[in-house]
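Each chain, letter by letter, is given below.
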Protein chains: 2
Amino acid sequence: MANICIATTATNNQVILRDYVSGFPKESDLYIAAATVDLRVPPGSMAVLVKNLYLSCDPHSRTRMGKPDPSSPTSMAHAFTIGKPISGFGVAKAIHSCHPNYKTGDLLWGRVGWEEYSVISPTPSSHFKIHHTDVPLSFYTGILGIPSLTAYVGFYEICSPKKGETVFVSAASGAVGQLVGQFAKMVGCYVVGSASSKEKTKFGYDDAFNYKEEQDLSAALKRCFPKGIDIYFENVGGKMLDAVLQNMRTHGRIAACGMISQYNLKEPEVLHNTATIVHKRIRVQGFAAVEFFDRYSKFLDFILPHVREGKITYVEDIAQGLENGPSALIGLFHGKNVGKQLVEVARE
Amino acid sequence: MANICIATTATNNQVILRDYVSGFPKESDLYIAAATVDLRVPPGSMAVLVKNLYLSCDPHSRTRMGKPDPSSPTSMAHAFTIGKPISGFGVAKAIHSCHPNYKTGDLLWGRVGWEEYSVISPTPSSHFKIHHTDVPLSFYTGILGIPSLTAYVGFYEICSPKKGETVFVSAASGAVGQLVGQFAKMVGCYVVGSASSKEKTKFGYDDAFNYKEEQDLSAALKRCFPKGIDIYFENVGGKMLDAVLQNMRTHGRIAACGMISQYNLKEPEVLHNTATIVHKRIRVQGFAAVEFFDRYSKFLDFILPHVREGKITYVEDIAQGLENGPSALIGLFHGKNVGKQLVEVARE
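Residues numbered from 1 in each chain as written. Chains lettered and ligands numbered in written order. Predicted model: local features only at pLDDT ≥ 70, side-chain atom pairs only at ≥ 80, totals over all residues. Heavy atoms only, no water.

- Chain A goes by GroES-like superfamily in an unreviewed UniProt entry, where it is assigned to Arabidopsis suecica.

Next comes the structure, spelled out in structure tokens:
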């Protein structure tokens, strides 16, 4: 079908960064403003105008809200811009396209703005066309998207799990954690999770604890893992990581994709137990799922049958409407969400 | 040649642990005492009586001098015993053997006591017969032994170096560090070392600094590595590791075989910059060369030609006589040695 270019515009509500954030972000650090969007993209531009359906709330966004550090090119490149919409991963539908691989009506997921409409320039490393629509589209922000790829790569590739090993997952009910827990059970591991409430620890783990109720995290871990931890899937950092290091077994593996507990601190929590890395010959590997996009197709082949057959479940926490996006995003840093937090901007 | 069992004894001077050590070890924590050794081993015992020639002084010994922690089976198994000789790696000559693979006159290296004679029960994973004697026998405590295997495995296998990458080596003139520096130059890396004196930084590095003269370790590293560090070969831990984390490049690798700066502290130095492991997707791998003994033969094939042709040099700091063993070992923790510290107990 040929693209038909109709010159018309629409209101485009956007979530704007008011000022750089230091410490815990507040809802007032963001505001909603109405812009106008041209509903056509320039011919020959490789651009696609998309209508955003679901936006993913990711802890990582906090690192982009702070004042960029001029000495760090990465920080400069990634920081959000004051007065502009923030961005992240989302599910969207093509409204108008001058890109040869996308046509009106195509569904995709990848980087978009926090707004009703975005103009994107998709590449194979930034956006993926959605071919399977028998599953909820929102799943492409979670169990079929980055968080699940994070769990998959981090657990299977980086942690090299073996049946019978012990696995600890922090942020156990979060977008990534709830999947690591299920993957670990599938391998035949003994899995313990920690979260910020009793409700959140009911995710099919062999054991769990509410870290807010523990005086001594190391003692809690020793209680759950009398023989120690083989694999730690690190989502929080700080004191929890320090306590885990005290309880790791020889040849333990730690996959670290995030340290949410540290993002809002002016001074990071200190670690005392790093010598354990030598004594116990531990491997600690930081990673980011976006660097494993070449595995995405193989990953989908693995996960889709499990999703369709209900063998893996996924809990979502869906905020309705872009106007509720700021509170949903900020809520992440207070542990308000149960399961994967996302925002439904529009239904298809 | 048949083993001839002659019933006779000899005086056996030994280096004895006086009491468990806390804080920095002192020479007075060790003392020399004369025991008597039977110069034959019991028939059918698989034992070998050896005369010790060279003893290796290793930072790791400090971890065995402390009071063992009853909650740690490893600590209980490894701790030295009060009133008994300490032990370590050494080069020795078989005096009498009831082991089928060893005969009188054979040279070997592996675990022995700090004493003139030891009775050992060699296994393929604890002792290696010495076949090449055209090189100094003392080299089997260093460039042909554990420190060199540590450098080889840690640098080539764990750090996966590529030509043009930047490499930082702490304890740059030590038993391990001086070899990592040379291996890195052979790969075509840019290599910087740190040590505790100007003299020690003259080991063929592209650049070097004396960490005792630097107010700000991170600033020193930034000066030497304006674009950051790809590979850190960790020998010291603590503040240096924290400063290195601040200066690592994306996808950096840290091989950690020791943290000598921490062994004598009652409370370890804290780390502030561990979040970098996630942000920069860094891999930190603790390891011990003894777990790579299956590589020893391949390693010898690699290193021996370089040693014979003088393409790799190795600086040794040799204390003469068992009676000077305690001061040589303690000196390690004050950075007194230049190069590999060892003790010559006897010439062949």
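Text resumes after the structure shown.
### Let's talk about the interface of chain B and chain A
Consideration 1: Taken residue by residue, the interface counts 26 residues in chain B and 26 residues in chain A.
Consideration 2: Across the chain B-chain A interface, the total number found is two salt bridges.
Consideration 3: Taken together, the connections running from chain B to chain A amount to 10 residue pairs in polar contact (both at pLDDT 80 or more).
Consideration 4: Contributions of two or more residues to the side of chain B that touches chain A are made by β12 (248–256), α7 (276–279) and β13 (283–286) of chain B.
Consideration 5: Per element, the largest residue contribution to the side of chain B that touches chain A is four residues, and it comes from β13 of chain B.
Consideration 6: Looking at the side of chain B that touches chain A residue by residue, the classes come out as 14 nonpolar, eight polar and four charged.
Consideration 7: Of the pairings in the sheet, the one linking strand β13 (residues 283–286) of chain A to β13 of chain B comprises three bridges and is antiparallel in character. Paired with V284 of chain A across the two strands is V284 of chain B, which belongs to β13 of chain B. (Contact = heavy atoms within 4.5 Å. Salt bridge = Lys/Arg side-chain N within 4 Å of Asp/Glu carboxyl O. Polar contact = N/O pair within 3.5 Å; in protein donor to acceptor, adjacent residues only side chain to side chain. Helix = DSSP H or I, 4+ residues; strand = E, 2+ residues; numbered from the N terminus. Nonpolar A, V, L, I, M, F, W, Y, C, P; charged D, E, K, R; others polar. Pairing = 2+ DSSP bridges.)

### A few points about the sheet that holds β13 of chain B
Within a sheet, neighbouring strands are paired by backbone hydrogen bonds and run either parallel or antiparallel to one another.
Consideration 1: Read across the open sheet, the 12 strands follow the order β10(A)-β9(A)-β8(A)-β11(A)-β12(A)-β13(A)-β13(B)-β12(B)-β11(B)-β8(B)-β9(B)-β10(B); overall the sheet is mixed. Pairing within the sheet leaves two strands with one partner each, and these edge strands are β10 (207–210) of chain A together with β10 (207–210) of chain B. In this sheet, adjacent strand axes meet at a mean angle of 15 degrees when their direction is disregarded.
Consideration 2: Strand contacts of helix α5 (residues 217–224) of chain A: β8 (166–169), β9 (190–195), β10 and β11 (229–234) of chain A, with the helix running at about 165 degrees to β10 of chain A, the strand carrying the most contacts. (Axes fitted to C-alpha atoms, helices over the stretch in contact; angles between N-to-C directions.)

### Focus: the UniProt feature "domain: Oxidoreductase N-terminal" (unreviewed entry) in chain A
Consideration 1: In the numbering adopted here, UniProt assigns the feature "domain: Oxidoreductase N-terminal" (unreviewed entry) to residues 14–122 of chain A.
Consideration 2: Split by type, residues 14–122 of chain A is 10% helix and 40% strand. Its first and last C-alpha atoms lie 20 Å apart. (UniProt positions renumbered as here; feature names shortened; annotations may be inferred.)

### A few points about the environment of K202 of chain A
Residues and elements named next belong to chain A.
Consideration 1: By the element assignment, K202 lies in the loop between β9 and β10.
Consideration 2: K202 gets classed as exposed once you look at its relative accessible area, which sits at 68%.
Consideration 3: Separated by 39 residues in sequence, K202 and K163 have C-alpha atoms that sit 22 Å apart. (Buried < 20%, exposed > 50% of the residue type's maximum accessible area, 1.4 Å probe, protein only.)

### Looking at the relation of the copies chain B and chain A
Consideration 1: Overlay of chain B on chain A (RMSD 0.0 Å): rotation 180 degrees, translation along the axis 0.0 Å. In short, the pair behaves as if placed about a two-fold rotation axis.
Consideration 2: By residue overlap, the copies meet face to face through one surface: 100% of the interface positions of chain B are interface positions in chain A. (Least-squares fit on C-alpha atoms with pLDDT ≥ 70 in both.)

### Side note on the pairing of strand β8 (residues 166–169) of chain B
Residue and element names in this part refer to chain B.
Consideration 1: The two faces of β8 match: T166 and F168 on one face and V167 and V169 on the other face are all buried.
Consideration 2: Bridge count for β8 against strand β9 (residues 190–195) is four bridges, and the pairing is parallel. Among the inter-strand pairings, V169 is bridged to a residue of β9, identified as G193.
Consideration 3: The parallel pair β8 and β9, bridged by helix α4 (residues 177–187), forms a crossover whose chirality is right-handed.
Consideration 4: Relative to strand β11 (residues 229–234), β8 runs parallel, the two being bridged by three bridges. (Right-handed = clockwise from strand over helix to strand, strands pointing away.)

### Looking at the pattern of salt bridges
Consideration 1: Inspection of the entire model under this criterion finds 33 salt bridges over all chains.
Consideration 2: In this structure, the salt-bridge partner of R295 of chain B is E157 of chain B, at a minimum N-O distance of 2.7 Å. Taken together, the positions of R295 of chain B in the loop between β13 and α8 (296–308) and E157 of chain B in helix α3 (residues 146–158) put the pair 138 residues apart, joining distant regions of the chain.
Consideration 3: The partly exposed category is assigned to R295 of chain B, whose relative accessible area is 22%.
Consideration 4: For E157 of chain B, a relative accessible area of 32% puts it in the partly exposed group.
Consideration 5: The salt bridge involving D230 of chain B is made with R249 of chain B; its shortest N-O contact spans 3.7 Å. On the criterion of sequence distance, the pair formed by D230 of chain B in strand β11 and R249 of chain B in strand β12 is long-range, its members being 19 residues apart.
Consideration 6: With relative accessibility at 7%, the residue D230 of chain B sits in the buried group.
Consideration 7: We classify R249 of chain B as partly exposed; its relative accessible area is 35%.
Consideration 8: Connected via shared salt-bridge partners are K103, D106 and K129 of chain A.

### A short note on unusual backbone geometry
Residue and element names in this part refer to chain B.
Consideration 1: The phi dihedral of A171 falls on the positive side, at around 50 degrees, and the residue is not glycine.
Consideration 2: Not every positive phi belongs to a glycine, and R281 is a case in point at roughly 50 degrees.
Consideration 3: With respect to the helices and strands, the residue R281 is situated in the loop between α7 and β13.

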